[in-house]
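# Inside the fold
Here's the letter readout for the chains.
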2 protein chains.
Amino acid sequence: MAITVVGSVAFDSIETPAGRRERCLGGAATYFSLSASFFTDVRVIAVVGEDFGRRQEAVFQARDIDTRGIEHTAGKSFFWEGSYLENLNEAKTHNTELNVFAAFEPKIPAAYGDSEYLFLANIDPVLQRRVREAMPDVKLVAGDTMNYWIKDHRPALLEVLKGLDVLLINDTETKMLAGNNNLVQAARAVLAMGPRTLVVKHGEYGATAFFSNSSFAPKGEGAEPHPFRAPALPLEEVVDPTGAGDSFAGGFFGYLASQPELTPAAFRRAMFYGSVMGSFACERFGTERLQQLSRQEIGERFSLFRELTHLD
Amino acid sequence: MAITVVGSVAFDSIETPAGRRERCLGGAATYFSLSASFFTDVRVIAVVGEDFGRRQEAVFQARDIDTRGIEHTAGKSFFWEGSYLENLNEAKTHNTELNVFAAFEPKIPAAYGDSEYLFLANIDPVLQRRVREAMPDVKLVAGDTMNYWIKDHRPALLEVLKGLDVLLINDTETKMLAGNNNLVQAARAVLAMGPRTLVVKHGEYGATAFFSNSSFAPKGEGAEPHPFRAPALPLEEVVDPTGAGDSFAGGFFGYLASQPELTPAAFRRAMFYGSVMGSFACERFGTERLQQLSRQEIGERFSLFRELTHLD
């Protein structure tokens, strides 16, 4: 079943210990789409400037991603410049230019209307909410956010959280959103804000899902379902962690959307596919690895993650 | 089969967000012994001062731990004072008094001579090596170390590493020992120093084992065996993380020593038992939780960790 994703399509200049890339294709919606496209149909809503040309368009087309919702306007695309020189786990932002993104008004093509899955990538919660309300009939809504919105746009963000089935954020964001440094307590506080499921991404350590009243929760539990953790394996080749979290979300949500039923077992596999896609994203600069990836490689890494984290 | 452990038996004053305890029983050998005692016979080699009395001795006796190798001398026992107020994952040391530990000369009781397992807890590598050489016939030797020995006593530490079957250290220590910030590359460098297996402890994220030429490695692999990761679950109740790493080592090594054969499957279960024991240690101050623990509770948490991190 098709996913509609709204978020940024951007250019990134990135420096890591492995080298530097100038103005490569980036943005949360880009990483999410490429990753999810290995599992299901993906439709993008975003805005780009005149610097987004055929070469960038071709990256989406090569993965059969529907780009009719990418609006082209005068000006330059969103631009981000950052580095990971001291710490591969945390980007240092040197420059952010919103450009055409500053006046972004998401427009949903009629052809996207039958999407059953909606992903609200990390953008202004006011826009996330607008898209959510324009697509009231979707089967499942997941979303992401970041420290900036948590700190300075809290009321708008809280409105978005009320309408989410799944929120995917990292450890720091979870603790910041809850104002609590214990992950379990923070997760419970975030679930009380609305999402039925919270997926906390731990980078190279995998991810943990916390459940309130959710069909994804393991069966036969007490009043509060136990969490589920999908481990990942450490990578030798961390070239560029940009987009790993969005690629996780794409693998996770793409796999779910490809399943006939949203069972706890499907949810667990989706968490593993999220880790798998996040790990691939780190292996080359920008979207390079996702562009060159095959479904077979994904299956092989899934088997590896499964085998090498399982007891039996 | 019996384990002999050499290390510190000490008093700790600890402050965490949950409160403060003055001079509670601590030390790496104490946590290790209590934890391992749920799986097999344990014999301790250490030194204590006149402040170590019947009340402390009773903690070991309640778990049937052999304390004939704990030497009693004039003076005060090793004392450590630390806090975890800003970060529960990292202790801030306020005071360390070596006291009787400064002149520690490990003496191995004749009755310990048939121990088949040896654990070298975190002490001066010169002493670790001396004990290792005095027990040449053990079946398996594991050890721990810390940043202080890695930085300032490297040549002595490298001699110890040559004789280890399993080294258990954390992420930071692994990267520091190897001088490499990528965990996979750092692990390979550490394995080249001698240990056949390296277990890297990740705190609440579990632990990862890396293998060189080891009988523990998964079968049917290529030239370099894949790592194995045992996840843990995040805890709501982190009262005091002191001793969690030593309790992990005790659960891991205690379980191995209780097994008839050292197979890859036994090794994987041992990693899970390590995570289980580390998680219990954090639930109360000092050794309180390990003192009140039952084998049944251990089994239940093992099942929980297994169930809630497994795909199928």
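That block above? That's the structure.
Summarised in this report is the structure supplied together with it. Bear in mind the structure is a predicted one, so any value in this text is a computation, not a measurement.

### Some words on the overall build of chain A
Looking only at helices and strands, chain A features 11 helices and 13 strands. Against the globule reference of 20 Å for 312 residues, chain A gives a C-alpha radius of gyration of 18 Å, in line with a compact fold. Principal-axis analysis of the C-alpha atoms gives chain A an extent of 55 × 40 × 35 Å. Considering chain A as a whole, with its 312 residues, one finds that 59% of them fall into the buried category. Element-wise, carbon and sulfur atoms account for 47% of the exposed surface of chain A, whose accessible area totals about 12,100 Å². Put simply, chain A has 31 plus and 40 minus side-chain charges, and the middle of one group is 3 Å from the middle of the other.

### Observations concerning the relation of the copies chain A and chain B
Once chain A has been moved 0.0 Å along the axis and rotated by 180°, it coincides with chain B to within an RMSD of 0.0 Å. What the superposition gives is, in effect, a two-fold axis relating one chain to the other. Here 100% of the contact residues of chain A are again contact residues in chain B; the copies associate through an equivalent surface.

### Looking at the interface of chain A and chain B
Facing 37 residues of chain A, the contacting portion of chain B comprises 38 residues. The contact between chain A and chain B buries some 3,300 Å² in all, and 53% of this surface belongs to carbon and sulfur atoms. By the criterion of area lost to chain B, the three top residues of chain A are Tyr205(A), Arg229(A) and Leu311(A), representing 25% of everything that side buries. Applying the counting criterion to the chain A and chain B interface returns zero salt bridges. Put simply, the parts of the chain that give the side of chain A that touches chain B at least two residues each are helix H7 (183-191), strand S12 (207-211), strand S13 (228-230), helix H9 (264-281) and helix H11 (295-307) of chain A. Its residues assigned to classes, the side of chain A that touches chain B comprises 18 nonpolar, seven polar and 12 charged.

### Thoughts on the side chain of Thr174(A)
By the element assignment, Thr174(A) lies in helix H6 (residues 171-178). Excluding residues that lie within four positions of it along the chain, Thr174(A) makes contacts with Ile169(A), Leu183(A), Ala186(A), Ala187(A), Val190(A), Leu198(A) and Val200(A).

### Points about helix H11 (residues 295-307) of chain B
Along an α-helix, a turn takes 3.6 residues, which lines up residues three or four apart on a common side. All names here are of chain B. A rise of 1.5 Å per residue sets the reference length of H11, with its 13 residues, at 18 Å; its end C-alpha atoms lie 18 Å apart and thus fit the reference within 8%. Those residues of H11 that fall on the buried side of the exposure criterion are Ile298, Arg301, Phe302 and Phe305. Taken around the axis of H11, the buried residues stretch over an arc of 110°, which confines them to a single face.

### Topic: the sheet that holds strand S6 (residues 78-83) of chain A
Residue and element names in this part refer to chain A. Across the sheet, four strands lie side by side as S3-S2-S6-S7; this open sheet has mixed pairing. Looking at strand neighbours, the two that pair on one side only are strand S3 (19-26) and strand S7 (92-97), the edges of this open sheet. Strand-to-strand twist of the sheet, defined as the mean angle between neighbouring strand axes without regard to direction, takes the value 15°. Note: strand S2 (residues 10-16) against S6, six bridges, orientation parallel. What sits directly across from Phe11, in S6, is Phe79. Set on the sheet, helix H1 (residues 28-36) makes contact with S2 and S3; between it and S3 the angle comes to about 80°.

### Here we look at the environment of Ala36(A)
Residue and element names in this part refer to chain A. With respect to the helices and strands, Ala36 occurs in helix H1. Exposure remark for Ala36: the relative accessible area of 0% places this residue in the buried category. Residues Ala36 and Phe253, spaced 217 residues apart in sequence, show a C-alpha to C-alpha distance of 6.9 Å. Here Ala36 is in contact with Ile3, Val42, Gly250 and Gly254, once residues within four sequence places are set aside.

### Examining the pairing of S6(A)
Regular strands have side chains that alternate between both faces of the sheet. Residues and elements named next belong to chain A. In terms of burial, S6 is a largely internal element, five of the six residues being buried. Judged from the five bridges that link them, S6 and S7 form a sheet pairing that is antiparallel. Residue pairing for S7: Gly82 is matched across the bridge by Thr93.

### Quick word on the pattern of salt bridges
Applying the stated rule across the entire model yields 32 salt bridges over all chains. Taking the shortest distance from any N to any O, the salt bridge between Glu22(A) and Arg20(A) comes out at 2.4 Å. The shortest N-O distance in the salt bridge between Arg196(B) and Asp165(B) comes to 3.0 Å. Of this pair, Arg196(B) sits in the loop between helix H7 (183-191) and strand S11 (197-201) while Asp165(B) is found in the loop between helix H5 (154-162) and strand S10 (166-170), placing the two residues 31 residues apart along the sequence. Here the salt bridges share partners, and the residues they tie into one network are Glu15(A), Arg20(A), Glu22(A) and Glu81(A).

### Quick look at the sheet that holds strand S12 (residues 207-211) of chain B
All names here are of chain B. Sheet architecture is open: nine strands sit in the order S5-S4-S1-S8-S9-S10-S11-S12-S13, paired in mixed fashion. Edge positions in the sheet fall to strand S5 (66-72) and strand S13 (228-230), since each has one partner strand and no second. Sheet twist, expressed as the mean angle between neighbouring strand axes with direction ignored, is 15°. Relative to S5, strand S4 (residues 42-48) is paired through five bridges, and the arrangement is parallel. Looking at the pairing, Ala46 lines up with Ile70 of S5. Its contacts with the sheet place helix H8 (residues 244-257) against strand S1 (3-6), strand S8 (117-120), strand S9 (140-143), S10, S11 and S12, and it is angled at close to 170° to S8.

### As for the pairing of strand S4 (residues 42-48) of chain A
Residue and element names in this part refer to chain A. Taking burial as the measure, the seven residues of S4 include seven buried ones, the bulk of the element. Residues Val42, Val44, Ala46 and Val48 point to one face of S4 and Arg43, Ile45 and Val47 to the other, with burial holding for every one of them. With helix H2 (residues 54-61) bridging S4 and the parallel strand S5 (residues 66-72), this β-α-β connection has right-handed handedness.

### Focus on the packing of aromatic side chains
One pass over the structure, following the stated rule, counts 33 aromatic pairs over all chains. Centroid distance Phe119(B) to Phe253(B): 5.9 Å. Interplanar angle 55°. Geometry classified as tilted. Of this pair, Phe119(B) sits in strand S8 while Phe253(B) sits in helix H8, and the two are 134 residues apart along the sequence. With respect to class, Phe119(B) is no different from Phe253(B); both count as buried. When the ring of Phe252(B) is compared with that of Phe267(B), the centres are 5.5 Å apart and the planes differ by 85°; the resulting orientation is edge-to-face. Here the residue Phe252(B) occupies a position in helix H8, and Phe267(B) occupies one in helix H9 (residues 264-281), the gap between them amounting to 15 residues. You can call Phe252(B) buried: its relative accessible area is 0%. Members of the aromatic cluster, each reached through a chain of ring pairs, are Phe39(A), Tyr255(A), Phe272(A), Tyr273(A) and Phe302(A). The ring of Phe280(A) carries Arg301(A) above its face, with NZ or CZ at 3.9 Å from the centroid.

Rules and cut-offs
- Residues numbered from 1 in each chain as written.
- Chains lettered and ligands numbered in written order.
- Predicted model: local features only at pLDDT ≥ 70, side-chain atom pairs only at ≥ 80, totals over all residues.
- Heavy atoms only, no water.
- Helix = DSSP H or I, 4+ residues; strand = E, 2+ residues; numbered from the N terminus.
- Rg over C-alpha atoms; globule rule 2.2 N^0.38 Å.
- Buried < 20%, exposed > 50% of the residue type's maximum accessible area, 1.4 Å probe, protein only.
- Areas by Shrake-Rupley, 256 points an atom, 1.4 Å probe, with all protein chains shown as cover.
- Lys, Arg positive; Asp, Glu negative; His and termini not counted.
- Charge placed at Lys NZ, Arg CZ, Asp CG, Glu CD.
- Least-squares fit on C-alpha atoms with pLDDT ≥ 70 in both.
- Contact = heavy atoms within 4.5 Å.
- Buried area = accessible area lost by both parts, 1.4 Å probe.
- Salt bridge = Lys/Arg side-chain N within 4 Å of Asp/Glu carboxyl O.
- Nonpolar A, V, L, I, M, F, W, Y, C, P; charged D, E, K, R; others polar.
- Expected span 1.5 Å × (residues − 1).
- Arc of directions from axis to C-beta.
- Pairing = 2+ DSSP bridges.
- Axes fitted to C-alpha atoms, helices over the stretch in contact; angles between N-to-C directions.
- Right-handed = clockwise from strand over helix to strand, strands pointing away.
- Phe/Tyr/Trp six-rings, centres within 6.5 Å; stacked < 30°, edge-to-face > 60°.
- Lys NZ or Arg CZ within 6 Å of the ring centre and 35° of its normal.

Remember that the coordinates give geometry; whether it matters functionally is a separate question.
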